[in-house]
Amino acid sequence: MSKIDYSPGAVTFRLREVGRLSDLRTENRLAAKVDMSPAAVSRRLRVVAMLRRACLKLMRIGEANGLGRSRTTASQASR
């Protein structure tokens, strides 16, 4: 059983407290959005590239050990 109080008064109190603690100024309204600065985009691209390399390496290791299905290309499938 949850120990959180869901009574209307308790929920109202928590919502008011969160509102009080939030910084809702206009200049900060986009702070929670995705950072699209060149450095942030580059950083995310490096992470994605690293994850792709890791996935491809794991796939090759799995295939070498007879695990999973190997990917077939269209030319291989038509043979």
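Provided above is the structure to which this section pertains.
Note that the structure is predicted; figures quoted are calculated from it, not measured.

Novice: How would you summarise the overall build of the protein chain if you had to cite specific residues and measurements?
Specialist: Scanning the protein chain from terminus to terminus reveals 3 helices and 0 strands. Looking at the protein chain as a whole, 4% of its 79 residues qualify as buried. Accessible area of the protein chain: about 7,700 Å², with a carbon and sulfur share of 62%.

Novice: Mind laying out the pattern of salt bridges, listing which residues take part and the relevant values?
Specialist: All told, the structure shown has 1 salt bridge when counted by the stated rule. Measuring nitrogen to oxygen at the nearest pair gives 2.5 Å for the salt bridge that ties Arg 20 to Glu 17. You can see Arg 20 and its partner Glu 17 sitting in helix H1 (residues 8-21), 3 residues apart, about one turn around the helix.

Novice: I'd like a description of the environment of Arg 44, backed by residues and values.
Specialist: Tracing the chain through its elements places Arg 44 in helix H2 (residues 38-64). Residue Arg 44 is classed as partly exposed on the basis of its relative accessible area, which comes to 34%.

Novice: Got a sec to walk through a nonpolar patch on the surface? Specific residues and values, please.
Specialist: Taken together, Val 47, Met 50 and Leu 51 make up a surface patch of nonpolar side chains, about 270 Å² in accessible area. Along the chain, the position of Leu 51 falls in helix H2.

Novice: How would you explain the packing of aromatic side chains if you had to name every residue and give the values?
Specialist: Applying the stated criterion across every chain, the model contains 0 aromatic pairs. Looking at Arg 14, its charged tip hangs above the ring of Tyr 6, at a distance of 5.8 Å from the centre.

Novice: Which residues make up H1, and what are the values?
Specialist: In a regular helix each residue adds 1.5 Å, so 14 residues correspond to 20 Å; H1 covers 20 Å between its end C-alpha atoms and thus fits that length. Burial analysis of H1 places just 1 of its 14 residues in the buried class, a small minority of the element.

Conventions and cut-offs
- Residues numbered from 1 in each chain as written.
- Predicted model: local features only at pLDDT ≥ 70, side-chain atom pairs only at ≥ 80, totals over all residues.
- Heavy atoms only, no water.
- Helix = DSSP H or I, 4+ residues; strand = E, 2+ residues; numbered from the N terminus.
- Buried < 20%, exposed > 50% of the residue type's maximum accessible area, 1.4 Å probe, protein only.
- Areas by Shrake-Rupley, 256 points an atom, 1.4 Å probe, with all protein chains shown as cover.
- Salt bridge = Lys/Arg side-chain N within 4 Å of Asp/Glu carboxyl O.
- Patch = residues over 30% accessible without salt bridge, like charges linked within 9 Å, V, L, I, M, F, W, Y side chains within 5 Å.
- Phe/Tyr/Trp six-rings, centres within 6.5 Å; stacked < 30°, edge-to-face > 60°.
- Lys NZ or Arg CZ within 6 Å of the ring centre and 35° of its normal.
- Expected span 1.5 Å × (residues − 1).

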